[in-house]
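Coordinate inspection notes
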Amino acid sequence: MLLISCPNCGPRDETEFHYGGQAHVAYPENPDALTDRQWAEYLFYRDNTKGAFAERWVHSTGCRQWFNMLRDTVSYDIQAIYKMGEPRPDANTTAATTSEGATK
Amino acid sequence: MAETATPANPETLRAARRSPASHLAPTFESGSVAGTVALKEIPFQTMVGVRVDRASDAGARLASVTGGLPAACGEVSGDERATTLWLGPDEFLVVAPESAHDSLGGDLVRALVEALGDDPGQVVDLSANRTTFELSGIRARDVLEKGCSLDLHPRAFRTGTALATEIGNIPAMLLKTGEDSFRIFPRASFADFLGRWLLDGMREFASPEVP
């Protein structure tokens, strides 16, 4: 089980959290102008990164606040936890990210 | 929501109510081990959910009614008349005795609604949302640790703090009221499950210790 450090509550078990998918997927500036394919890509298509991946989590049985996490999808190493709206920090270079070079 | 229906006679209301774990009351009594660990339900406490920015004017007005709004995770403010638990950066739970409820002659909900006024935020009467269990005794922490992964050692979890967490895999608030006494606030629909879970955890302490 992951031990996740909630920015408000401190370290808690993974079972207290819910996953919110990929972070930094911006809402299109002008949705009306998108083709059906572009709209579908915005709604349904997400990166499938091997290595450091920025994702959203919510502390659902604690403070019920959302935050972003930079997690290595291979080693499950949590590299950074930062607020919603903050830019993605640089990933630490780990064996998992360099061996395949799959980070985006 | 301020207009809580008030019956002509509050006793009519009292007699009609059933608390979420009332059917377990005899089991709680027989399952408690005198001098070791005891479990009981404290039914019908008045609870009010408050959402407001602490730093705003409305936050200051609400704080004057509740006796302060806690600033960080774990903090509790107020006194025995009304205790305020921290649920989130802008979310609080005010817990007060049954008699504080407006339908029973109190004025807590109305006072909070008036303090908020028209400012952004909310004050919601949540008295029926949760019930209260009191787990006490020298083995209370051992019972809780069977279903709660927080560090409950006194050096980490101090008297007078409260945390929102999972107990027996269900979400609940845990308030430490004394060195060996805890109050647990599960939602009403989980009261039966959590009551039986805690009773199961207490069972081993009824038997003589195996040397």
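For the structure, check the block above.
The text that follows walks through the structure, step by step, so that each part is easy to find. (Residues numbered from 1 in each chain as written. Chains lettered and ligands numbered in written order. Predicted model: local features only at pLDDT ≥ 70, side-chain atom pairs only at ≥ 80, totals over all residues. Heavy atoms only, no water.)

**Considering the overall build of chain B**
The test is simple: Here a strand is any run of E in DSSP of at least two residues, a helix any run of H or I of at least four, and the numbering for each starts at the N terminus. Taken over C-alpha atoms, the radius of gyration is set against a globule rule of 2.2 Å times the number of residues to the power 0.38. Exposure is judged per residue with a 1.4 Å probe applied to protein chains only, and the accessible area is read against the type maximum: over 50% gives exposed, under 20% gives buried, and values in between give partly exposed. Only heavy atoms matter for contacts: two residues are in contact if any of them lie within 4.5 Å across the pair. Shrake-Rupley sampling with a 1.4 Å probe provides the accessible areas, and residues are treated as covered by the protein chains on show and by no other component.
Scanning chain B from N- to C-terminus turns up six helices and 10 strands. Here the C-alpha atoms of chain B give a radius of gyration of 18 Å, agreeing with the 17 Å that 2.2 N^0.38 yields for 211 residues. Considering only C-alpha atoms, chain B reaches an extent of 65 × 40 × 25 Å along its principal axes. Relative to its full complement of 211 residues, chain B shows a buried share of 45%. Put simply, 60% of the contacts in chain B that link residues at least 6 apart link residues at least 24 apart. Total accessible area on chain B stands at roughly 10,200 Å², and carbon and sulfur atoms take up 51% of it.

**Quick look at the interface of chain B and chain A**
Counted only if it meets this: Note on terms: buried area is the combined drop in 1.4 Å-probe accessible area of two parts once they are placed together, counting the loss on both. We count a salt bridge whenever a side-chain nitrogen from Lys or Arg sits within 4 Å of a carboxyl oxygen from Asp or Glu. Under the scheme applied, nonpolar residues are Ala, Val, Leu, Ile, Met, Phe, Trp, Tyr, Cys and Pro; charged residues are Asp, Glu, Lys and Arg; polar residues are all the others, including Gly.
Each partner contributes residues to the interface: chain B has 15 residues there, and chain A has 11 residues. Summed over both sides, the interface between chain B and chain A buries roughly 990 Å², with carbon and sulfur atoms accounting for 42% of that surface. One can count one salt bridge joining chain B with chain A. Across the pair Arg64 of chain A and Glu91 of chain B runs a salt bridge, and its minimum N-O distance is 2.5 Å. Mapped by element, the contributors of at least two residues to the side of chain B that touches chain A are β4 (83-88) and β8 (162-167) of chain B. Sorting elements by how many residues they give to the side of chain B that touches chain A places β8 of chain B first, with four residues. Here the side of chain B that touches chain A is built from residues that sort into eight nonpolar, three polar and four charged.

**With respect to unusual backbone geometry**
Here the phi dihedral of Arg64 of chain A falls at roughly 60°; this positive angle occurs in a residue that is not glycine. Note on placement: Arg64 of chain A falls in the loop between β4 (52-58) and β5 (66-72). Arg64 of chain A gets classed as partly exposed once you look at its relative accessible area, which sits at 44%. For Asn169 of chain B, which is not glycine, the phi torsion reads 65° and is therefore positive. In this structure, Asn169 of chain B sits in the loop between β8 and β9 (170-178).

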